[in-house]
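# Remarks on the overall topology
These are the residues of each chain, in order.
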Amino acid sequence: MTNVLRLDGVDRSFGDRQVLRNVSFDVVAGRMTGFVGGNGAGKTTTMRIILGVLAADAGQVTWQGAPLTREVRSRFGYMPEERGLYPKMSVREQVIYLGQLHGLTSEAARRATDGLLERVGLAERGDDLLETLSLGNQQRAQIAAALVHDPEVLILDEPFSGLDPLAVDTVVGVLRERAVAGAPVLFSSHQLDVVERLCDDLVIIADGSIRAAGSREQLRSAYTTPRYELVVESDAGWVRDHPGVSLVDLDGARAVFDLAAGTDEQPVLRAALERGPVRAFRPVTPTLAEIFREVAQ
Amino acid sequence: MNVMQATRLVAAREIRVKLRDRTFLISTVVFLLIAAAATILPPLLSGGPSTVAVTEAAAGPLRAAGLEVLAVPDDAAAEQAVRDGDADAAVVAGPEVLAMNDAPNDVVAALSTEPPVRLLNPDAVDPVVAFLVPFAFAFIFFITSQTFGAQIAQSIIEEKQTRIVEILVAAVPVRALLAGKMIAGTILALGQIALVAVVAVAGMAFGDNTALLSLLGPAIGWFVPFFLLGFVLIASMWAAAGALVSRLEDIGGVSMPVQLAVMLPFFGVIFLNENVTAMRVLSYLPFSSPTAMPLRLFSGDAAGWEMVASLALLLVAAAGFLLAGARVYEGSLLRTNGRTSIRTAWRERETLG
């Protein structure tokens, strides 16, 4: 069996409101999959269904080809969107407790906790009550809580929200390690720049349906209208009159333009060279935000 | 991880946290002090033998009776000793016993011949004790089911309010969460009562009150199962009440019916305890039977089969409330915004369980 977490035709309604419609996508082992969508698009509901916190009305979730059971899910790591640990328990104690709830022996939980607190930079604060920690450190504790049982699959709902830049780097590092070690990592985020930097694969959800899913490169090429940037010595305004060119942006010597389908970019470059020196000529790949805006509409 | 293991882990955490809670520790110490004071102090306060001022010639029988004798030269000096507070009483010519404002029974007894007494019902309980003991039971049940029930509710709300509940629900069955809390609450409640009982028994032994001890035996034996089932009944309601709200501040509104369900039977038993019919009814109603039935037993009013029948009713009620409470708990646990109505919680079975 391949190490794939697969959602297949998942539906879910709350009362009359259908919040998930035929949601299907794969989260592949060893890859970081970004899960993007607006508020209320269905990200959290999808993740809760994966974890069994909510039941699906239809469809199913499988891991390595088999439907999920509680037994299997207990080997998943989950960081819910609404964060929380016990405020009046020490960090170490509650991470150990959560490890035990996920099936670790107390000895194994203790060892894993010490290692993780070290890794996320909380070793010194382990015996402090959670409520005495800064918000950023509480987030680090939350990450440790999600990872203590060395999960096979990681599901993280907005893991970077509320993190200071240093903590983001720590968390990214930890998640990468897990992905490299072979775990599928699914994380949602509304910070598209972070997702852009991190994810190997991307799933875009809007209004309860999956609008796009695939590797970052695939999506880029699929949603790219051929767009180029040209920088010349003097005014680049003449590009506007070149056949097949529709100008997107013009700023003196710099022009950004789209080419009509089937138009080759080389004639544009030649035309530019005939007019004088060309400082830059390159294809422009769309940012994730642009792709998102396009598919989520 | 099966339900049993998860339940044990949850219960162990609840107990560990509670044992470190200062409020809990202080209240336990206060209970223990009260129990010790109530059993040790009365014999001490009632004081030793009276001091009697008397002329040396008449001192013989009083000494023989174990009283403390203050020898005085004459009757006038004896009376003065009482007035000065040097003696509790004086015996003067006549014989006549003098005291300030309270007839000294032990002195009178030492001077008189008692007729033989034949008790027709030697086991009958001293009426004061017969009144106090059942109310001690009722009071213990009342206080413990309120405090520990409320603590179960608080612990449920804490998990909802801090949102850790979602991690917990993803890791272990919801049933295990609830069962762990109920078991921990029961163990803590019983543990606290057992401690109080040990101190009370030690106090009675210290105060030479072993007669009462032998009387209490069977009543305590029956009180334990009634207490256990009654506690489960009340705690289930507290659990459901706690699950319905998402903030500690909101517990007041939902817990009012639970408080009434404990308070009304408690006061019912206290005010109607002279009324045989009312007590018979109360001793079968699940909410009042944990207090009313041991009371009837103690006063020699209930037969063995009545205890069993009432216990069976209580068992059914407790099981029913436990299941209903669990359903409300499951249905409202993940609704972390505002208050959930019982009806919604009852219908909604969100989790896979």
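Residues numbered from 1 in each chain as written. Chains lettered and ligands numbered in written order. Predicted model: local features only at pLDDT ≥ 70, side-chain atom pairs only at ≥ 80, totals over all residues.

Okay, the overall build of chain B next. A count of helices and strands for chain B gives 14 helices and four strands. Expressed as a percentage of the 353 residues in chain B, the buried residues total 39%. Taking the contacts inside chain B whose residues are at least 6 apart along the sequence as the reference set, 67% of them involve residues at least 24 apart. (Helix = DSSP H or I, 4+ residues; strand = E, 2+ residues; numbered from the N terminus. Buried ≥ 20, exposed ≤ 12 C-beta atoms within 10 Å, placed from the backbone. Contact = placed C-beta atoms within 7 Å.)

Residue and element names in this part refer to chain A. According to the domain assignment, chain A contains domain 1 (4-221) and domain 2 (225-296). Computed over C-alpha atoms, the centres of domain 1 and domain 2 are 40 Å apart. Taken together, the eleven residues of domain 1 in the interface contact nine residues of domain 2. Of all the secondary structure elements, the ones that give two or more residues to the side of domain 1 that touches domain 2 are helix 7 (192-198), strand 9 (201-206), strand 10 (209-215) and helix 8 (216-222). Here the element with the most residues in the side of domain 1 that touches domain 2 is helix 7; it accounts for three residues. For the side of domain 1 that touches domain 2, the residue count by class is seven nonpolar, one polar and three charged. (Domains from an automatic or database assignment. Nonpolar A, V, L, I, M, F, W, Y, C, P; charged D, E, K, R; others polar.)

Sheets are built from strands that pair by backbone hydrogen bonding, the pairs being arranged parallel or antiparallel. Residue and element names in this part refer to chain A. One open sheet holds the six strands; their spatial order is 6-7-8-3-9-10, and the pairing between them is mixed. The outermost strands of the open sheet, each flanked by one partner alone, are strand 6 (76-79) and strand 10. Averaged over all pairs of adjacent strands, the angle between their axes in this sheet comes to 15°, without regard to strand direction. With four bridges connecting them, strand 3 (residues 32-36) and strand 8 (residues 185-188) associate as parallel partners. Each bridged residue has a counterpart across the sheet, and for glycine 34 the counterpart in strand 8 is phenylalanine 187. The strands touched by helix 1 (residues 43-51) are strand 3, strand 6, strand 7 (153-157), strand 8 and strand 9; relative to strand 7, the strand with the most contacts, the crossing angle is about 150°. Along the sheet face, helix 5 (residues 135-147) touches strand 6 and strand 7 and points at about 155° away from the line of strand 6. (Pairing = 2+ DSSP bridges. Axes fitted to C-alpha atoms, helices over the stretch in contact; angles between N-to-C directions.)

This part takes up the interface of chain A and chain B. Each partner contributes residues to the interface: chain A has 24 residues there, and chain B has 21 residues. Every element with two or more residues in the side of chain A that touches chain B is listed here: helix 2 (70-73) and helix 3 (91-101) of chain A. A total of four residues in the side of chain A that touches chain B trace back to one element, the largest contributor, which is helix 3 of chain A. Looking at the side of chain A that touches chain B residue by residue, the class counts come to 14 nonpolar, six polar and four charged.

What follows deals with the nonpolar core. With 150 residues, the main nonpolar core has Ala144 and Ile155 of chain A together with Trp238 and Ala239 of chain B as its most contacted residues. Those residues within four positions of alanine 239 of chain B in sequence are excluded, and the remaining contacts are Ile152, Ala153, Ile156, Leu178, Lys181, Met182, Gly325 and Tyr329 of chain B. (Core = buried A, V, L, I, M, F, W, Y, C linked by C-beta atoms within 7 Å.)

This part is about the domain arrangement of chain B. The domains assigned to chain B are domain 1 (3-41 + 125-347) and domain 2 (51-103). A straight line from the C-alpha centre of domain 1 of chain B to that of domain 2 of chain B covers 55 Å.

Residues and elements named next belong to chain A. In strand 13 (residues 254-259), alternate side chains face the same way, and those of Ala255, Phe257 and Leu259 are buried while those of Arg254, Val256 and Asp258 on the opposite face are not. Sheet topology note: the strand 11 (residues 227-232)/strand 13 ladder contains five bridges and is antiparallel. Looking across to strand 13, one finds that valine 231 is bridged to arginine 254. In terms of strand pairing, strand 12 (residues 245-251) meets strand 13 through six bridges, oriented antiparallel. Counted as the bridge partner of leucine 247 is phenylalanine 257 from strand 13. The turn joining strand 12 and strand 13, which pair antiparallel and follow one another in sequence, is formed by two residues; a positive phi near 60° is taken by glycine 252.

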